[in-house]
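# Residue-level structural notes
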Amino acid sequence: SSDLHKRAIDFADKPDGVLVFLPPDVVLADGALKNIERAATKGKRVVFLVGLRLILENVVPQLKSNYATHGPTISIPPRELMHLAMRNLHPITLTHLWEDGPGEMVPNNLFWRIDDEGLLGRCFHLMPLMVYPRNKHAPFFSTIDFDFVMSSCPNQEDWHIVEDSDEILVCELTPRDRRIFGLRKGSIDDLIYFAELSTHATHRDMAKYRINLHCGDRTPAKWTAAETQSNRVMENVDQALKRSFTQLLISNPILLLRRLRCLAHQIHLAQQTNQPPGHLSTNPIEHLAAQTFGRLLNQAHSTYGRFVRFAKRFAKAQTTEH
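In every chain, residue numbers begin from 1 and rise along the written sequence. pLDDT decides what is reported in this predicted model: residues at 70 or higher carry local features, side-chain atom pairs at 80 or more are listed and counted, and totals for whole chains, interfaces and linings draw on all residues regardless. The side-chain values count all of the structure's non-hydrogen atoms but skip hydrogen atoms and water molecules.

### Description of the overall build of the protein
For the record, the criterion: Each helix is a run of DSSP H or I of at least 4 residues and each strand a run of E of at least 2, with the numbering of both proceeding from the N terminus. Note on method: radius of gyration uses C-alpha positions; expected globular size equals 2.2 Å times residues raised to 0.38. Three labels apply to residues, based on accessible area from a 1.4 Å probe with only protein chains included: buried if under 20% of the type maximum, exposed if over 50%, partly exposed otherwise in between. Any two residues having at least one pair of non-hydrogen atoms within 4.5 Å are treated as being in contact. All accessible-area figures derive from a Shrake-Rupley calculation using a 1.4 Å probe, and residue coverage is judged against the displayed protein chains alone. In this count, Lys and Arg are taken as positive residues and Asp and Glu as negative ones, while His and the chain termini are left out. Charge positions come from single atoms, namely NZ of Lys, CZ of Arg, CG of Asp or CD of Glu.
Helix and strand content of the protein: 12 helices and 10 strands. Taken against the 2.2 N^0.38 rule, which gives 20 Å for 322 residues, the C-alpha radius of gyration of the protein at 21 Å falls within 12% of a compact globule. Looking at the protein as a whole, 44% of its 322 residues are labelled buried. Once local pairs closer than 6 in sequence are excluded, the contacts in the protein between residues at least 24 apart make up 75%. Total accessible area on the protein is roughly 16,900 Å²; 56% of this is exposed by carbon and sulfur atoms. Computed over 38 positive and 35 negative side-chain charges, the separation of the two mean positions in the protein equals 5 Å.

Shown next as structure tokens:
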């Protein structure tokens, strides 16, 4: 999908176009596009939000029977879509719950369930629904929600983060049997382990926002309690991420290597987009280590990934021949 995104971005950048990423498997609640336009008219170049995965097999029949208007068109208000979502959360969405729910934890987005009223989100990897790039044909090396926006619109004053589902709500319809594997539920240590390699400073800024996804009016006491718990979790992670190069070298060198890999990626991205990389680390030793050890580790990881993909294709070809 990243290759297709790159082709679409290149196509749109030529006539200086605005990008609105609308995958075919999502449902937008009423008013979403209007509110994207409203943010753009206020000078915002990026609209970020969190999307919820729902069980496709459950939701499609309900949308068709209750919310279809003319032909394939669906019209559903945000609170009704959120009410439908709460009854049909996908197993992958359940892995984003901090402590509740079955299975493991996938911490790129974290949710706290507030009874049947909705979800409170603290999210590292928000989805860019709309992007109007300042830097045309900006390079990125992973996905649109990981480093494309930092390359094309690095100034956070250009960003608008949707904090309330009444404004914009997007749900992705995913087959029931799709699964991903994660870390331990409710584990601060595992969350820190994830954040050192898989989040940049801007992702951590995003996680400071409290995103309210709700079916109706919110009970203040319930939502305040969830906010308090989420604040406590994020404060613990933030303090851990502030540990110095020397502290990690002594106490947790494996975690330090993850930090250096992440920092090496950020330095490379800054160089590719002609941004000064010096602000990425105030410690010159850490900066140098990232440019050497971190870069080599990323190259090794990339090479290993290519080898695994080649081995799988080779094994598949051999099986087909026989």
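Continuing now.
### Looking at the sheet that holds strand 3 (residues 46-49)
Which entries qualify depends on this criterion: Paired strands, in this sense, are two strands between which DSSP finds at least two bridges. Only the contacting stretch of a helix is used when fitting its axis, a line to C-alpha atoms as for every element, and angles between N-to-C directions run 0 to 180 degrees.
Ordered in space as 1-7-3-8, the four strands form an open sheet in which the pairing is mixed. With partners counted over all chains shown, the strands left at the sheet margins are strand 1 (19-20) and strand 8 (159-161), one partner each. Taken together, the three bridges between strand 3 and strand 8 define a ladder with parallel strand orientation. The partner of Val47 across the bridge, within strand 8, is His160. Those strands touched by helix 2 (residues 32-41) are strand 1, strand 3, strand 7 (127-131) and strand 8, and its axis lies near 65° from that of strand 7.

### Points about the nonpolar core
Note the following rule: Buried residues of nine kinds, namely Ala, Val, Leu, Ile, Met, Phe, Trp, Tyr and Cys, make up a nonpolar core once their side-chain atoms join them within 4.5 Å.
Residues Leu52, Met82, Leu119, Phe148 and Leu213 are the most contacted members of the largest nonpolar core, which totals 42 residues. Examining the composition of this core, we find that five residues originate from one element, helix 4 (residues 78-87), more than from any other. By size, the runner-up hydrophobic cluster in this structure holds 29 residues, among which are Trp112, Leu191, Ala226 and Ala264.

### Focus: the packing of aromatic side chains
For the record, the criterion: Between 30 and 60 degrees the pair is tilted, below 30 it is stacked and above 60 it is edge-to-face, where a pair is any two Phe, Tyr or Trp rings, Trp via its six-membered ring, whose centres lie within 6.5 Å. A ring is considered to have a charge above it if a Lys NZ or an Arg CZ atom is located within 6 Å of its centre and within 35 degrees of its normal.
Overall, the coordinates contain four aromatic pairs when judged by the stated rule. When the centroid spacing of 6.5 Å and the interplanar angle of 85° are considered together, the rings of Phe21 and Phe148 count as edge-to-face. With Phe21 in the loop between strand 1 and strand 2 (26-28) and Phe148 in helix 6 (residues 144-152), this residue pair connects regions lying 127 residues apart in the sequence. Assigned by exposure class, Phe21 and Phe148 land together as buried. Stacked on the ring of Trp223, the Lys or Arg Arg218 has its end atom at 5.4 Å from the ring centre.

### Examining the sheet that holds strand 9 (residues 170-174)
Spatial ordering of the open sheet is given by 2-9-4, a layout of three strands whose pairing is mixed. Two strands bound the open sheet, and with one partner strand each, they are strand 2 and strand 4 (51-55). Averaged over all pairs of adjacent strands, the angle between strand axes in this sheet comes to 30°, irrespective of strand direction. In terms of strand pairing, strand 2 meets strand 9 through three bridges, oriented antiparallel. From the neighbouring strand, Leu28 faces strand 9, where its bridge partner is Val170. Lying on the sheet, helix 4 is in contact with strand 2, strand 4 and strand 9; it crosses strand 4 at an angle near 55°.

### A word on unusual backbone geometry
For residues other than glycine, phi is negative in most cases, and the peptide bonds are mostly trans. The phi dihedral of Asp115 is positive, around 45°, even though this residue is not glycine. Structurally, Asp115 can be placed in the loop between strand 5 (109-114) and strand 6 (118-123).

### Observations regarding the packing of helix 7 (residues 188-198) against helix 9 (residues 220-241)
What counts, and what does not: Convention used here: angles under 35 degrees read as roughly parallel, angles over 145 as roughly antiparallel, angles from 65 to 115 as roughly perpendicular, and any remaining angle as oblique. Crossing handedness follows the turn of the near helix against the far one: under a right angle anticlockwise gives a left-handed crossing, and clockwise gives a right-handed one. Each residue gets one of three labels, nonpolar for Ala, Val, Leu, Ile, Met, Phe, Trp, Tyr, Cys and Pro, charged for Asp, Glu, Lys and Arg, and polar for the others, Gly among them.
Running from N to C, helix 7 and helix 9 point in directions that differ by 55°, and their axes come no closer than 10 Å. By the angle class used here, helix 7 and helix 9 are oblique. The handedness of the crossing between helix 7 and helix 9 is right-handed. Of the residues in helix 9, those in contact with Ile188, Leu191, Ile192, Ala195 and Glu196 of helix 7 are Val233, Asn236, Val237, Ala240 and Leu241. Each residue belonging to the contact of helix 7 with helix 9 can be placed in one class, and the counts come to eight nonpolar, one polar and one charged.

### Quick notes on helix 2
Definition in use: By construction, the arc corresponds to the directions joining the helix axis to the C-beta atoms.
Listing the buried residues of helix 2 in full gives Ala32, Asn35, Ile36 and Ala39. Projected down its long axis, helix 2 carries its buried residues within an arc of 110°, all on one side. Projecting away from the buried face of helix 2 at angles above 90 degrees are the exposed residues Leu33, Lys34, Glu37 and Thr41. Turning to helix 2, the residues buried within the fold contact strand 1, strand 2, strand 3, strand 7 and strand 8.

### A look at the pairing of strand 3
Of the two faces of strand 3, the one lined by Val46 and Phe48 and the one lined by Val47 and Leu49 are each fully buried. With four bridges joining them, strand 3 and strand 7 adopt antiparallel strand pairing. Note that in strand 7 the partner of Leu49 across the bridge is Met127.

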